[in-house]
Amino acid sequence: YTQKTEHKFKAKHRNTSQTMAGLSEEDVQNQIQQMIKFIRQEAEEKAEEIRVKAEEDFNILKQEEVEAERRRIRHDFERKEKQVDIEKKIAYSNAINQNRLKVLKAREDSVQAILEKARAQIGESSSGKEYKKLLAKLIVQGSLALEEDVITVRCRKCDEKTVQSVIENSIKEVEKKSGKTIQISINDSSFLPEGGDGPNACSGGVELSALNGAIKCDNTLDTRLQLAYDALLPEVRIMMFGRSAARKHLN
C-alpha cells in the first residue's frame with residue numbers, strides 16, 4: 001500500500017493501541033477486523049488503480065502500434081501502386097515502340113519492293129538498240145569523269161560484243177568533248193557478274209578504271225539505280241505514306 005495508507009494505518013493503530021487496553025476481547029477482534037478490512041480495501045483500490053493505468057498504457061501502446069502498422073501498410077501500398085504505374089508506362093511505351101518498329105519495317109519493305117521491281121525492270125531492258133545507246137552514253141560519261149588518257153572498261157560477258165561495237169564512237173565523242181586523244185579498251189580477263197539478284201549481281205552497264213585500277217567510275221545500272229533511289233527516297237516516302245508532321249527535314 002501507499003505511504004498515505006501507511007500513515008493512516010499507523011495513526012489508526014496508535015488510536016487503537018491507546019483504546020485497546022480498555023476493550024473486551026470481542027471489541028479487540030472487531031478492531032482487528034476493521035483494520036484488515038481497511039487494509040484490504042486500500043489494497044484493492046491500489047490494485048484497481050494499477051490495473052486501470054496498465055490498461056490505459058496498453059491501449060495507448062496498442063493504438064500507436066496500430067497507427068504505425070497503418071502507416072507502413074499505406075506506404076507499402078503507395079510504393080507498390082507507383083511501381084505498378086511505372087510498369088504500366090513501360091509496357092505502354094514498349095508496345096508503342098514495337099508498333100512503331102513494325103510500321104517502319106512495313107514501310108521499308110514496301111520501298112524495298114519498289115527498288116527490287118525497278119531492278120528487275122532494268123534487268124529486262126538491258127538488251128536491244130536502246131541498251132546499246134545507253135552503253136555508249138555510260139562509257140562517254142565515265143571517261144569524261146575520269147579525265148585520263150588510257151581507260152579500261154569492264155562489262156558483263158554477255159555485253160562484250162555490244163560494248164566493243166560502241167567503243168570507237170565513244171572515243172570520238174570523248175575526244176570531241178575533252179579536246180584530247182584517249183584510248184579505251186575492254187578488260188577481257190575480268191567481267192562483271194551477270195544477273196539481277198544478289199549483292200554482287202549486275203543488271204548491265206559498265207565500270208571504267210584508269211591508272212591500273214587506282215581510280216574507278218562505277219556506271220553499272222545497279223549503281224545508277226541505287227544513286228537514284230537514295231536521292232529520290234524522301235520524295236518516294238512522301239508519295240507513299242504522306243508527309244510526317246514530326247519530321248522537320250526530308251532526309
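The shown structure was predicted, so the numbers you read here are calculated from the model rather than taken from an experiment.

Quick notes on the overall build of the chain
- When its secondary structure is counted, the chain shows five helices and four strands.
- Secondary structure elements in the chain, listed N-terminal to C-terminal, are α-α-α-β-α-β-β-β-α.
- By the burial criterion, 22% of the 251 residues in the chain qualify as buried.
- Intrachain contacts of the chain at a sequence separation of at least 6 include 71% that bridge at least 24 residues.
- Here the chain has roughly 18300 Å² of accessible surface; of this, 53% comes from carbon and sulfur atoms.

Notes on the pattern of salt bridges
- In the structure shown here, the tally under the stated rule is 20 salt bridges.
- Among the salt bridges present, the one from Arg-51 reaches Glu-48, with a minimum N-O distance of 2.5 Å. Placement of the pair is Arg-51 and Glu-48 together in helix H2 (residues 25–124), with a separation of three residues, close to one helical turn.
- Arg-237 serves as the salt-bridge partner of Glu-108, at 3.5 Å between the closest nitrogen and oxygen.

Quick word on the packing of H2 against helix H5 (residues 221–241)
- As a packed pair, H2 and H5 sit with axes 10 Å apart at the nearest point and diverge in direction by 140°. Here H5 runs oblique to H2, going by the angle between their axes. Classified by chirality, the crossing of H5 by H2 is right-handed. On H5, the residues that touch Arg-107, Glu-108, Ser-110, Val-111, Gln-112, Ile-114, Leu-115, Ala-118, Arg-119 and Ile-122 of H2 are Leu-221, Asp-222, Leu-225, Gln-226, Tyr-229, Leu-233, Val-236, Arg-237, Met-240 and Phe-241.
- Looking at the contact of H2 with H5, its residues break down into 12 nonpolar, three polar and five charged.

Digging into the side chain of Arg-156
- Inspection of the secondary structure assignment puts Arg-156 in the loop between strand E1 (150–154) and helix H4 (160–178).
- In this structure the side chain of Arg-156 is engaged in a polar contact, spanning 2.8 Å, whose partner is the side chain of Asp-159.
- Aside from chain neighbours lying at most four places away, what touches Arg-156 is Ser-126, Tyr-131, Phe-191, Leu-192, Pro-193, Glu-194, Cys-202, Ser-203 and Gly-204.

Let's talk about the pairing of E1
- For E1 and strand E2 (residues 183–186), the ladder comprises four bridges, and the chain directions are parallel. Counted as the bridge partner of Val-153 is Ile-186 from E2.
- With respect to chirality, the unit in which E1 leads through H4 into the neighbouring parallel E2 is right-handed.
- The pairing of E1 with strand E3 (residues 205–210) spans three bridges and is classified as antiparallel. Counterpart to Thr-152 in the pairing with E3 is Ser-209.

Conventions adopted
Residues numbered from 1 in each chain as written. Predicted model: local features only at pLDDT ≥ 70, side-chain atom pairs only at ≥ 80, totals over all residues. Heavy atoms only, no water. Helix = DSSP H or I, 4+ residues; strand = E, 2+ residues; numbered from the N terminus. Buried < 20%, exposed > 50% of the residue type's maximum accessible area, 1.4 Å probe, protein only. Contact = heavy atoms within 4.5 Å. Areas by Shrake-Rupley, 256 points an atom, 1.4 Å probe, with all protein chains shown as cover. Salt bridge = Lys/Arg side-chain N within 4 Å of Asp/Glu carboxyl O. Axes fitted to C-alpha atoms, helices over the stretch in contact; angles between N-to-C directions. Parallel < 35°, antiparallel > 145°, perpendicular 65-115°, else oblique. Left-handed = near helix turned anticlockwise from the far one by under 90°. Nonpolar A, V, L, I, M, F, W, Y, C, P; charged D, E, K, R; others polar. Polar contact = N/O pair within 3.5 Å; in protein donor to acceptor, adjacent residues only side chain to side chain. Pairing = 2+ DSSP bridges. Right-handed = clockwise from strand over helix to strand, strands pointing away.

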